[in-house]
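Read off the chains here:
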Amino acid sequence: MTSMTIEREPVLPVFMNPALMNEDDRWAAVVRRAPAADRLFCYSVRTTGVYCRPSCASRLPRRENVRFHRTCADAAKAGFRPCKRCRPNGPLPTERRTSTTADACRPVEAAA
Ligand SMILES: [Zn+2]
């Protein structure tokens, strides 16, 4: 008889595969301010007119005012301004070492 004792808590369940993320997953990432989600999407807040990284430290908006965007460019195109606090259109802190140009927010390439 085998007993499944290894029950690993999924720390970041689907963040590695943005294709699997639905709106609830994205919202959960925003609520948890998960830095791992920063490169996967950004969200805009209708009431403030800005868009943020999931890990932004600013006050959590009401979900009904939030829209998710694949890239910062998408959010900008939709008429939102980048948040001054999390600078979603700047380089990610974790990506500073790789020399990124202005488009730090290009879409995540699906890894086959
Ligand atoms: Zn922000």
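Residues numbered from 1 in each chain as written. Predicted model: local features only at pLDDT ≥ 70, side-chain atom pairs only at ≥ 80, totals over all residues.

Moving on to the nonpolar core. Counting 19 residues, the largest nonpolar core has Phe-41, Cys-42, Tyr-43, Val-50, Tyr-51, Cys-52 and Cys-83 as its most contacted members. Setting aside residues no more than four positions away along its own chain, Tyr-51 makes contact with Cys-42, Tyr-43, Ser-44, His-69, Cys-72, Ala-75, Phe-80, Pro-82, Cys-83 and Pro-88. (Core = buried A, V, L, I, M, F, W, Y, C linked by C-beta atoms within 7 Å. Buried ≥ 20, exposed ≤ 12 C-beta atoms within 10 Å, placed from the backbone. Contact = placed C-beta atoms within 7 Å.)

Listed in full, the buried residues belonging to helix H1 (residues 23–32) are Arg-26, Ala-29 and Val-30. The buried residues of H1 occupy an angular sector of 100° when the element is viewed end-on, so they sit on one face. Across from the buried face of H1, at angles greater than 90 degrees, the exposed residues are Asp-24 and Val-31. Check the buried side of H1 and you find it contacts strand E1 (42–45) and strand E3 (66–69). Taken from the residues just after H1, Arg-33 is the one with a positive phi, measuring 50°. (Helix = DSSP H or I, 4+ residues; strand = E, 2+ residues; numbered from the N terminus. Arc of directions from axis to C-beta.)

Turning our eyes to something else, we now look at unusual backbone geometry. Phi is positive for Arg-33, close to 50°, though the residue is something other than glycine. You can see Arg-33 is positioned in the loop between H1 and E1. Despite not being glycine, Arg-87 shows a phi value in the positive range, around 45°. Take Arg-87: there are 16 C-beta atoms within 10 Å of it, and that puts it in the partly exposed class.

Here Arg-63 lies in the loop between strand E2 (50–52) and E3. Take Arg-63: there are 12 C-beta atoms within 10 Å of it, and that puts it in the exposed class. In sequence terms Arg-63 and Val-30 are 33 residues apart; their C-alpha atoms lie 9.8 Å from each other.

The two faces of E1 match: Cys-42 and Ser-44 on one face and Tyr-43 and Val-45 on the other face are all buried. In this structure, E1 lies alongside E2, joined through 3 bridges in antiparallel fashion. The residue bridging Val-45 from the neighbouring strand is Val-50, located in E2. Hairpin geometry of E1 and E2 is characterised by an intervening segment of 4 residues between the two adjacent antiparallel strands and by a positive phi of about 75° at Gly-49. (Pairing = 2+ DSSP bridges.)

A few words now on the confidence of the model for the protein chain. Taken over all residues, the pLDDT of the protein chain has a mean of 79, while the share at 70 or more is 64%. Segment residues 98–103 is flagged for pLDDT under 50; beyond a separation of four residues in sequence, or across chains, it makes 2 contacts in the model. (pLDDT = per-residue confidence, 0-100.)

A separate point is the sheet that holds E1. Read from one edge of the open sheet, 4 strands run E3-E1-E2-E4, paired in mixed fashion. If you trace the sheet from one side to the other, it starts and ends with E3 and strand E4 (81–82), each paired once. Pairing geometry for E2 and E4, over 2 bridges, is parallel. Residue pairing across strands places Tyr-51 opposite Pro-82, the latter belonging to E4.

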